[in-house]
Amino acid sequence: MGMYGERMLPRIVNMACGQQDMRPLRRRACASLAGDVVEIGFGSGHNVPFYPPAVTQVAAIEPAGLGWKLADKRLRAATVPVRWSGLDGQDLPFPDGTFDAALSTWTLCTIPDVVAALDELQRVLKPGGTLHFVEHGLAPDESVRRWQRRLEPVQKVVFGGCHLTRPIADLLTGAGFTITELDVFYQTRAPKFGGASCLGIAKARTSTARTR
Ligand SMILES: C[S@@+](CC[C@H](N)C(=O)[O-])C[C@H]1O[C@@H](n2cnc3c(N)ncnc32)[C@H](O)[C@@H]1O
């Protein structure tokens, strides 16, 4: 990962993801989580205060060790057991059908092979399990998309591979998820190119048969 990726990036992500404006979105994304949950791209644990009591445990997947350290205060205040369980959302260390629910907040933009990560979530979720998400991605408006395409190369360098143009809802349905709740909006007080957002719930396949 190098010095920037190991020492600086997790701190930058911690600050960028710690904005007050993101808290109501985290609350909404987490509100109906229940049972055993896998969170991909745990970062520095900004969702921990929002895990509802219906969650029994959380398996956190995060490549950055410093992220886990920066989560310390939130983890000590956690009301739900959270265990750092793996490094890579593209290759989850769990048997098929392990989890009732999954959580991804501003992570599908960054995982290098997002299709592989969504396939993995399909695999480790129980049939009909739910993926709860809030993500930024491809804007609904062409004028904003133009800026996203221009700025994406810089964004990727500064924010550890973060893409601006991923079509999140299409990626979810392409991976066999059924979106049952979806809110598409521009995040307040964020530039439109980075604040084009979607928040919702997607249901995993009800049969364990793989389609790809
Ligand atoms: C923009 S941050 C979001 C962090 C956190 N989800 C939040 O909402 O505060 C993206 C996160 O994805 C993590 N990430 C990058 N590649 C990953 C991978 N292959 N598997 C899982 N997480 C990854 C990064 O280390 C970073 O913590």
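These lines cover the structure that appears in this document, whether it is placed above or below. (Residues numbered from 1 in each chain as written. Predicted model: local features only at pLDDT ≥ 70, side-chain atom pairs only at ≥ 80, totals over all residues. Heavy atoms only, no water.)

**Comments concerning a nonpolar patch on the surface**
As a reminder, the rule being used: Patch definition: residues with relative accessible area over 30% and no salt bridge; like charges joined within 9 Å; nonpolar side chains (Val, Leu, Ile, Met, Phe, Trp, Tyr) joined within 5 Å. Each accessible area is a Shrake-Rupley estimate made with a 1.4 Å probe; only the visible protein chains count as cover when residues are assessed. Think of a salt bridge as a Lys or Arg side-chain nitrogen and an Asp or Glu carboxyl oxygen that are within 4 Å of each other. Per the convention used, a helix needs a DSSP run of H or I reaching at least four residues, while a strand needs a run of E reaching at least two, with both numbered from the N terminus. Type-normalised accessible area, obtained with a 1.4 Å probe on protein chains alone, sets the label of each residue: buried when under 20%, exposed when over 50%, and partly exposed for intermediate values.
Together, Tyr4, Met8, Val154, Val157 and Val158 give the surface a local cluster of nonpolar side chains, amounting to about 450 Å² of exposed area. Sorting the residues of the nonpolar patch by element identifies helix H1 (2–16) and helix H6 (142–158) as the ones contributing at least two each. The element best represented in the nonpolar patch is H6, accounting for three residues. Within the element layout of this structure, Met8 appears in helix H1. Given a relative accessible area of 43%, Met8 falls into the partly exposed group.

**Some thoughts on the pattern of salt bridges**
Applying the stated criterion across every chain yields a total of seven salt bridges. Between Arg189 and Asp21 there is a salt bridge; the shortest N-O distance is 3.1 Å. Note that Arg189 is positioned in the loop between strand E6 (178–186) and helix H8 (192–195) and Asp21 in the loop between H1 and helix H2 (23–30), a separation of 168 residues in sequence. Notably, a salt bridge pairs Glu142 with Arg149, separated by 2.6 Å at the nearest N-O pair. According to the relative accessible area criterion, Glu142 is partly exposed, its value standing at 38%.

**Considerations on the sheet that holds strand E2 (residues 55–61)**
Hydrogen bonds between backbone groups are what pair the strands of a sheet, and the pairing can be parallel or antiparallel. Rules: Strands are labelled as partners when DSSP assigns at least two bridges between them. Lines fitted to C-alpha atoms define the axes here, with helix axes fitted over just the stretch in contact, and angles between the N-to-C directions of these axes take values from 0 to 180 degrees. Only heavy atoms enter the contact rule, under which two residues are in contact if any of them lie within 4.5 Å.
Strand order in the open sheet made by the seven strands is E3-E2-E1-E4-E5-E7-E6, with mixed pairing throughout. With one partner strand each, in any of the chains shown, strand E3 (82–86) and E6 form the two edges of the open sheet. Across this sheet, the average inter-strand angle for adjacent strands is 20°, counted without regard to direction. Here helix H5 (residues 114–124) sits on the sheet and contacts strand E1 (35–40), strand E4 (99–105) and strand E5 (125–136); the angle it forms with E5, its principal contact strand, is near 145°.

**Things to note about the site of the ligand**
Going by this rule: Neighbouring residues are identified by heavy atoms, a residue being near a molecule or strand if any of them is within 4 Å of it. Polar contact criterion, stated in full: a pair of N or O atoms within 3.5 Å, where within protein one must be able to donate a hydrogen and the other to accept it, and residues adjacent in sequence count only if both atoms are side-chain atoms. Here a cavity means grid points, on a 1 Å grid over the protein atoms only, where a 1.4 Å probe fits yet cannot get out; a pocket means an open set of points with protein on both sides within 12 Å along at least five of seven lines; lining residues are those with an atom within 4 Å of a point. Put plainly, a molecule is in a cavity or pocket when over half of its atoms are within 2 Å of the grid points there. Residues are grouped as follows: Ala, Val, Leu, Ile, Met, Phe, Trp, Tyr, Cys and Pro are nonpolar; Asp, Glu, Lys and Arg are charged; every other residue, Gly included, is polar.
The immediate surroundings of the ligand are formed by 19 residues, with Arg26, Gly41, Glu62, Gly89 and Thr105 found nearest. Contact between the ligand and Gly41: a nitrogen atom at 2.5 Å from a main-chain N or O atom of the residue. Within the side chain of Thr105, an N or O atom sits 2.6 Å from an oxygen atom of the ligand. Contact with the protein chains hides 88% of the accessible area of the ligand, taken as 600 Å² for the molecule alone. A molecule is said to occupy a pocket when more than half its atoms come within 2 Å of that pocket's grid points, and by this definition the ligand occupies the largest pocket. Taken together, the residues of the shell around the ligand sort by class into eight nonpolar, eight polar and three charged.

**Concerning the pairing of E1**
Across the six residues of E1, five count as buried, placing the element largely inside the fold. Sheet topology note: the E1/E2 ladder contains six bridges and is parallel. Bridging across to E2, Gly35 finds its partner in Val55. Across four bridges, the pairing between E1 and E4 is parallel. Directly across from Ile40, in E4, lies its bridge partner Ser104.

**Some details on the layout of surface pockets**
The test is simple: Grid points are joined across faces, edges and corners, and a volume is the space filled by probe spheres set on the points.
If you add up the space inside the largest pocket, you get close to 1100 Å³. Lining the largest pocket are 48 residues, with Val13, Cys17, Trp106, Thr110 and Phe159 sitting closest to its centre. A per-element tally of the lining of the largest pocket places H1 first, with six residues.

**Focus on the environment of Arg189**
We classify Arg189 as exposed; its relative accessible area is 74%. Here the side chain of Arg189 touches Asp21 through a polar contact of 3.1 Å, side chain to side chain.

**Here we look at H1**
Filter applied, for reference: Each residue after the first adds 1.5 Å to the expected span of a helix. The bend at a residue is defined as the angle formed between two axes, one fitted to the seven residues ending at that residue and one fitted to the seven starting there.
In this model H1 runs 20 Å from its N-terminal to its C-terminal C-alpha over 15 residues, within 8% of the 21 Å that 1.5 Å per residue would give. Within H1, the axis deviates most sharply at Met8, by approximately 45°, and proline Pro10 lies no more than four positions further along. Burial in H1 covers these residues: Gly5, Leu9, Pro10 and Asn14.

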